[in-house]
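# Results of the structural survey
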Amino acid sequence: MEVTITLALVGVLVGLLVYLSYRSMTRPANFPPGPRGIPIIGSLHLLKEYPERDMLKISKNYGNIFSLKTAAKNFVCVCGTDLNNEVLNHKDIANRKDNYAFFIVKGNEPEGITTRRYSKELILNREFMHSVLTDAQKIESNIDEIVEIEITNLMDKLEKMFKSCQPKYLSDVLMTLAIDTYLSVIFGRKTNKTVEEENKKDELLRNVLLLRTAFQDVFFKLPELISGLHKLWLPESTKKFISASEGIFRYGADRLEDHKNSWDSEKPRDMVDLYLNKMDEEKELQDPVFTKVNFQHLLFDILLGGLENTGNTAEFALLYLAAHPSVQSRLHKEIIQVLGRNGKMQYADIKRMDFTKATVCEILRFSSTAPVGVTRKAIRDVTICGYSIPKETTFLMNPWSSHTQDDKWNNPKEFDPENFLDRNGKFVRNNALMPFGGGLRSCVGASLAKRQLFVFLVKLIQKFHIKPETDDTKIDHEPIGGFVHSPKPQKLRLQLREIDY
Ligand code: HEM
């Protein structure tokens, strides 16, 4: 009897292994080609520390559209400007990939925006965020004012930090700028915070940073590669991710409750008040969209989507400027011409600041902080380049490959704002630049992020010379790899410009 059971179990196991091997090696009919990979494991593991570079290497053998596999899933990868734009703007490739860690923290039907299915509820949330982040008149202190105030505060902080003229790491202070701006937009600007409020904000920042470190851990991705593994075992980084997410959700729920006590629908002060207005409009509905859970998920999405990218981009900007004093001089000249010395920037001035606009775009191109974008999934069967791609297939894009494509840029390999200028020094757009994705799932924070980077650059250059740790130190442009690019820690010196006057 025992022998029979053992034989049956071995049989099931062998059958399962044969099935998984078969699944990991075969593709649907008329599917994009790709490397054969290893039985059971598949080929997704070929994307390592720099997935965008590995994708480009594979594309040399299989073309700009190819596929990778795990035992359970097929992935379609695209490289180059045209295909990235086609996939990003395809109306039927507008879902997100299921990620085990997000499912654990948000449940099987995530709310908010980033991991939500494409649906009427998603559109309403995107419209809401868009109106909060772009419609400057709606709240007490408008977005432009908040950006201006937070960046001015940062400049004061930097001035104090560099009084001693010692080189310093800047990543924490830039991350604090990003979080202060977003918290002011979401929860309002409050200058005299209590100690308890400050502590809660610090805890929030710690939790957001914990999410960041989880993504950098190689084990975090393991349950993605082996289907079902997360039900048996979780890496330490995933456990931290879960507890940090819970902390962020708690913070969101508490702040929503606080706001209810002083909310006046006629005088919205911030995003939470606008959200409470939405909740009020829907109070008779059986199935409202703007619920407490939705708010918690939305807060999580903004902090995760916004913080990492904005903090990293600002830090890359400093490194590139430190490595290119000639770009600093040209920026300074344009700023003095348009704004005068220490002049305050009006948004109409942006039109006359071609070199500064070109530098902002070049920072976004050269840093490519989201080198492979954010994965998408087909809502229904689609045809791309004549290949038949079934519903539910995950797409990995490669904006970095477009940002470095030889025939799209004058000087693709270097940091060079001339990439966005014509012969007359006028700013020119380039459709090969896609740091914020595109189409139905494009980044909702893009206009805020660009505005923030522009003001940051202007104020920084008005005030400081940015220099490497020593005059002989060579800046390392190479990013730390992963699905998000972050700069390698490097000390910088900021010297007050007044010294030259
Ligand atoms: C330099 C800064 C930023 C970069 C490079 C960036 C990049 C991206 C990218 C590549 C996507 C995926 C777009 C797509 O699939 O087409 C995205 C989505 C998103 N971003 Fe950003 N982002 C930045 C700043 C922000 C900010 C400031 C916020 C919020 C305040 C934000 C919130 C979001 C959200 C909620 C999504 C999900 C959109 C959806 O799924 O429908 N991001 N971002």
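Presented here is an overview of the structure given in this document. (Residues numbered from 1 in each chain as written. Predicted model: local features only at pLDDT ≥ 70, side-chain atom pairs only at ≥ 80, totals over all residues.)

Here the focus is the overall build of the chain. The helix and strand inventory of the chain stands at 16 helices and 10 strands. The C-alpha atoms of the chain give 24 Å as radius of gyration, which agrees with the globular expectation for 501 residues (23 Å, within 12%). Once the C-alpha set of the chain is aligned to its principal axes, its extents read approximately 90 × 55 × 40 Å. Looking at the chain as a whole, 40% of its 501 residues are labelled buried. (Helix = DSSP H or I, 4+ residues; strand = E, 2+ residues; numbered from the N terminus. Rg over C-alpha atoms; globule rule 2.2 N^0.38 Å. Buried ≥ 20, exposed ≤ 12 C-beta atoms within 10 Å, placed from the backbone.)

What follows is about the site of the ligand. Residues in close proximity to the ligand total 28 residues, the closest being G305, G306, G437, C443 and G445. When contributions to the shell around the ligand are tallied by element, the ones reaching two or more residues are helix 12 (292–323) and helix 16 (446–463). Partitioning the shell around the ligand into residue classes produces 12 nonpolar, 12 polar and 4 charged. (Near = placed C-beta within 6 Å. Nonpolar A, V, L, I, M, F, W, Y, C, P; charged D, E, K, R; others polar.)

This part is about the sheet that holds strand 1 (residues 65–69). Across the sheet, which stays open at both edges, the 4 strands sit in the order 1-2-6-3 with mixed pairing between neighbours. Single-partner strands in this sheet number two, and they are strand 1 and strand 3 (376–377). In this structure, strand 1 lies alongside strand 2 (residues 74–78), joined through 5 bridges in antiparallel fashion. Counterpart to L68 in the pairing with strand 2 is F75. Helix 3 (residues 81–88) rests against strand 1, strand 2, strand 3 and strand 6 (394–396) of the sheet, and its axis sits at about 130 degrees to strand 2. (Pairing = 2+ DSSP bridges. Contact = placed C-beta atoms within 7 Å. Axes fitted to C-alpha atoms, helices over the stretch in contact; angles between N-to-C directions.)

So, about helix 8 (residues 195–216). For the α-helix, the turn length of 3.6 residues means that residues three or four positions removed from each other point alike. For helix 8, with 22 residues, the first-to-last C-alpha span of 32 Å sits near the 32 Å given by 1.5 Å per residue. For helix 8, the full list of buried residues reads L204, N207, V208, L211 and A214. End-on view of helix 8: buried residues confined to an arc of 115 degrees, all on one side of the axis. Residues V195, E198, N199, D202 and R206 are exposed on helix 8 and point more than 90 degrees away from its buried face. Where helix 8 is buried, its residues meet helix 7 (171–187), helix 10 (236–262) and helix 12. (Expected span 1.5 Å × (residues − 1). Arc of directions from axis to C-beta.)

For any two helices packed against each other, the geometry is given by the interaxial angle and the distance between the axes. For the pair helix 10 and helix 12, interaxial distance at closest approach is 9 Å and the crossing angle is 120 degrees. The angle between the axes of helix 10 and helix 12 places the two elements in the oblique class. Crossing angle aside, the handedness with which helix 10 passes helix 12 is right-handed. Contacts between helix 10 and helix 12 involve S245, I248, F249, G252, A253 and L256 from the first element and K292, F295, Q296, L299, F300 and L303 from the second. When the residues that make up the contact of helix 10 with helix 12 are grouped by side-chain class, the tally is 8 nonpolar, 3 polar and 1 charged. (Parallel < 35°, antiparallel > 145°, perpendicular 65-115°, else oblique. Left-handed = near helix turned anticlockwise from the far one by under 90°.)

Running from N to C, helix 6 (residues 143–161) and helix 16 point in directions that differ by 35 degrees, and their axes come no closer than 10 Å. Crossing angle aside, the handedness with which helix 6 passes helix 16 is right-handed. Taking contact as the criterion, the partners of I143, V147, E148, I151, T152 and M155 in helix 6 are, on helix 16, L448, R451, Q452, V455, F456, K459 and K463. A class-by-class count of the residues in the contact of helix 6 with helix 16 yields 7 nonpolar, 2 polar and 4 charged.

Here we come to unusual backbone geometry. When glycine is set aside, most residues are seen to have a negative phi, and most peptide bonds are trans. Of note in this structure, N30 is not a glycine but carries a positive phi near 50 degrees. Along the chain, N30 falls in the loop between helix 1 (2–25) and helix 2 (51–62). Even without being glycine, E392 reaches a positive phi, approximately 80 degrees. Within the element layout of this structure, E392 appears in the loop between strand 5 (387–389) and strand 6. Look at E392 and you get partly exposed, because 15 C-beta atoms sit within 10 Å.

In this fold, K221 is placed in the loop between helix 8 and helix 9 (222–225). Sequence spacing of K221 and G305 is 84 residues, and the spatial spacing of their C-alpha atoms is 18 Å.

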